Amino acid sequence: MKAIVQDRYGPPDTLTLAEVDTPVPGPGEVLVRVEAAALNAYDWHAMRGDPRLARLAMGRSRPRARIRGRDFAGRVAAVGADVRQVRPGDAVFGDLGEANGAFAEYVCVPETLVAAQPANLTPQQAAALPLAGITALLGLRDAGRVRPGQRVLVNGASGGVGTLAVQLATVLGATVTGVCSTRNVDLVRSLGADHVVDYTRGDFTRDAGRHDVVLDLVGNRSLTALRRALTPTGTLVLSGGGVYGGGSLVGPVWLIARGRLLAPFVRHRIVTLAAAPGRQHLDTLRAYAEAGRLTPVIDRTYPLHEVPRAIRYLEGEHARAKVVITV
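What counts, and at which threshold
Residues numbered from 1 in each chain as written. Predicted model: local features only at pLDDT ≥ 70, side-chain atom pairs only at ≥ 80, totals over all residues. Heavy atoms only, no water. Helix = DSSP H or I, 4+ residues; strand = E, 2+ residues; numbered from the N terminus. Axes fitted to C-alpha atoms, helices over the stretch in contact; angles between N-to-C directions. Parallel < 35°, antiparallel > 145°, perpendicular 65-115°, else oblique. Left-handed = near helix turned anticlockwise from the far one by under 90°. Contact = heavy atoms within 4.5 Å. Buried < 20%, exposed > 50% of the residue type's maximum accessible area, 1.4 Å probe, protein only. Pairing = 2+ DSSP bridges. Right-handed = clockwise from strand over helix to strand, strands pointing away. Core = buried A, V, L, I, M, F, W, Y, C linked by side-chain atoms within 4.5 Å. Salt bridge = Lys/Arg side-chain N within 4 Å of Asp/Glu carboxyl O. Lys, Arg positive; Asp, Glu negative; His and termini not counted. Polar contact = N/O pair within 3.5 Å; in protein donor to acceptor, adjacent residues only side chain to side chain. Phe/Tyr/Trp six-rings, centres within 6.5 Å; stacked < 30°, edge-to-face > 60°. Lys NZ or Arg CZ within 6 Å of the ring centre and 35° of its normal.

(A) Local environment of unusual backbone geometry. One non-glycine residue, Asp82, lies in positive phi territory at about 70 degrees. With respect to the secondary-structure elements, Asp82 resides in the loop between strand 4 (71-79) and strand 5 (91-95). Positive phi, close to 55 degrees, is recorded for Arg145, a residue that is not glycine. Mapped onto the fold, Arg145 is located in the loop between helix 4 (130-143) and strand 8 (151-155).

(B) Spatial organisation of the packing of helix 4 against helix 5 (residues 160-171). In contact at an axis separation of 8 Å, helix 4 and helix 5 are set at 45 degrees when each is read in the N-to-C sense. In terms of orientation, helix 4 lies oblique with respect to helix 5. Every pair of crossing elements has a handedness; the one defined by helix 4 and helix 5 is right-handed. Residue-level contacts link Ala132, Gly133, Thr135, Ala136, Leu137 and Leu140 of helix 4 to Gly160, Val161, Leu164, Ala165, Leu168 and Ala169 of helix 5.

(C) Local environment of the environment of Ala77. Locating Ala77 in the fold gives a position in strand 4. The spatial distance from the C-alpha of Ala77 to the C-alpha of Val107 is 9.7 Å, given a sequence separation of 30 residues.

(D) Looking closely at the pairing of strand 12 (residues 230-238). Of all nine residues in strand 12, seven are buried; the element is thus mostly enclosed. Strand direction decides the pairing type here: strand 11 (residues 211-216) and strand 12, joined by five bridges, are parallel. Along strand 12, the bridge assignment pairs Val213 with Thr235. For the crossover from strand 11 across helix 8 (residues 223-228) to strand 12, the handedness is right-handed. With four bridges connecting them, strand 12 and strand 13 (residues 269-272) associate as parallel partners. Pairing of Leu236 across the sheet is with Ile270, part of strand 13.

(E) Here's a closer look at the nonpolar core. Counting 49 residues, the largest nonpolar core has Leu129, Leu140, Val152 and Val166 as the members making the most contacts within it. Broken down by element, the residue count for this core peaks at seven residues, all from helix 4. Not counting the four nearest positions on each side in its chain, Val166 is found in contact with Val154, Ala157, Val176, Val188, Leu191, Gly192 and Ala193.

(F) Structural detail: the pattern of salt bridges. Across all of its chains, the model carries 13 salt bridges by this definition. Salt-bridge contacts for Asp13 lead to Arg312; the nearest nitrogen and oxygen are separated by 2.8 Å. Separated by 299 residues along the polypeptide, Asp13 in the loop between strand 1 (2-5) and strand 2 (16-19) and Arg312 in helix 11 (residues 307-315) bring together distant segments of the chain. Note that Arg206 is salt-bridged to Asp203, the shortest N-O span being 3.8 Å. Among the charged side chains, a network of salt bridges with common partners joins Asp203, Arg206 and Arg221.

(G) Local environment of the side chain of Asp216. Within the secondary structure, Asp216 sits in strand 11. Despite its burial, Asp216 pairs with no opposite charge, the nearest such side chain being Arg221 at 7.5 Å. Engagement of the side chain of Asp216 in a polar contact is seen with the backbone nitrogen of Val218, the distance being 3.4 Å. In this structure the side chain of Asp216 is engaged in a polar contact, spanning 3.2 Å, whose partner is the backbone nitrogen of Gly219.

(H) Structural context of the packing of aromatic side chains. Throughout the structure, instances matching the rule amount to zero aromatic pairs. One cation-aromatic arrangement involves Arg300 over Tyr313; the distance from NZ or CZ to the ring centre is 4.0 Å.

(I) Broad picture of the sheet that holds strand 13. What the six strands build is an open sheet, ordered 10-9-8-11-12-13; its pairing is parallel. The two strands at the open ends of the sheet, each matched to only one other strand, are strand 10 (195-198) and strand 13. When strand polarity is set aside, the average angle formed by the axes of neighbouring strands in this sheet is 15 degrees. Two strands pair when backbone bridges link them, and strand 8 and strand 11 are joined in this way by four bridges, in the parallel orientation. The partner of Val152 across the bridge, within strand 11, is Val213. Set on the sheet, helix 5 makes contact with strand 8, strand 9 (175-180) and strand 11; between it and strand 8 the angle comes to about 175 degrees.

By themselves, these observations are geometric and do not establish any function.
Written out as structure tokens, the structure reads:
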């Protein structure tokens, strides 16, 4: 099969299209014929080994996972022993987690990490949901504990996670403020945001009032500034993926680490978010999508052999919403 592989850390040019062996599903695994895969900030972090501290988990000298990509949608081609929930021919979507491997014609995945695709979405839209959708869901519903009537601010509202977070916050009954650049104001408003702050013209930490929950998806503000946007007992959820800035030792991890250190000493709840894939979360996203309450927004699509070009577009801070690969 064809796949996008990487044998050393570096820029998009280190990614190549190659022939590799088609995986064989073991017990509890399913083989999926990939129809679409989606890019996330995670992909360029893993590609570059950035921040360098993360290489302790990803591989010190080169990536442990040779094939890039996490999010996918496609049809089950075969199943291993003991698989009970899916069968060949089923349309599924999922997130491979740190195992990676979605930028390929086939992917082998544990049955517990796939779910039925939303019936009303295309494979490209379904592939755009898993990691970004789970991050938004856990950030707002679980970490943020958003309740009807609360005021929620999403910093990074036009990104892959942000466009879904704005919609989910609305579903949860919140009054939503989205922060984005000038060109994305209309997009964020169309997703249900009650208020939109153009960060090129104003400072949301000073000018947008106080909020019960702030979901920070960018990591470009200090903890002091972010806390200014909260009510006295508000919640700050940190999940900043950032953009590539030439390489770093700790990247957004430093802001998250400081948040953890400060949390016990302030009235604000400061929560750091690590989204883990799972079928139960995928089922929730599917239910929202099929009810017409959650629709992924796709910025651009690229064929499999143009993954390097797609990641270059994503990491340069030009992308909005989701970038999707067709296979």
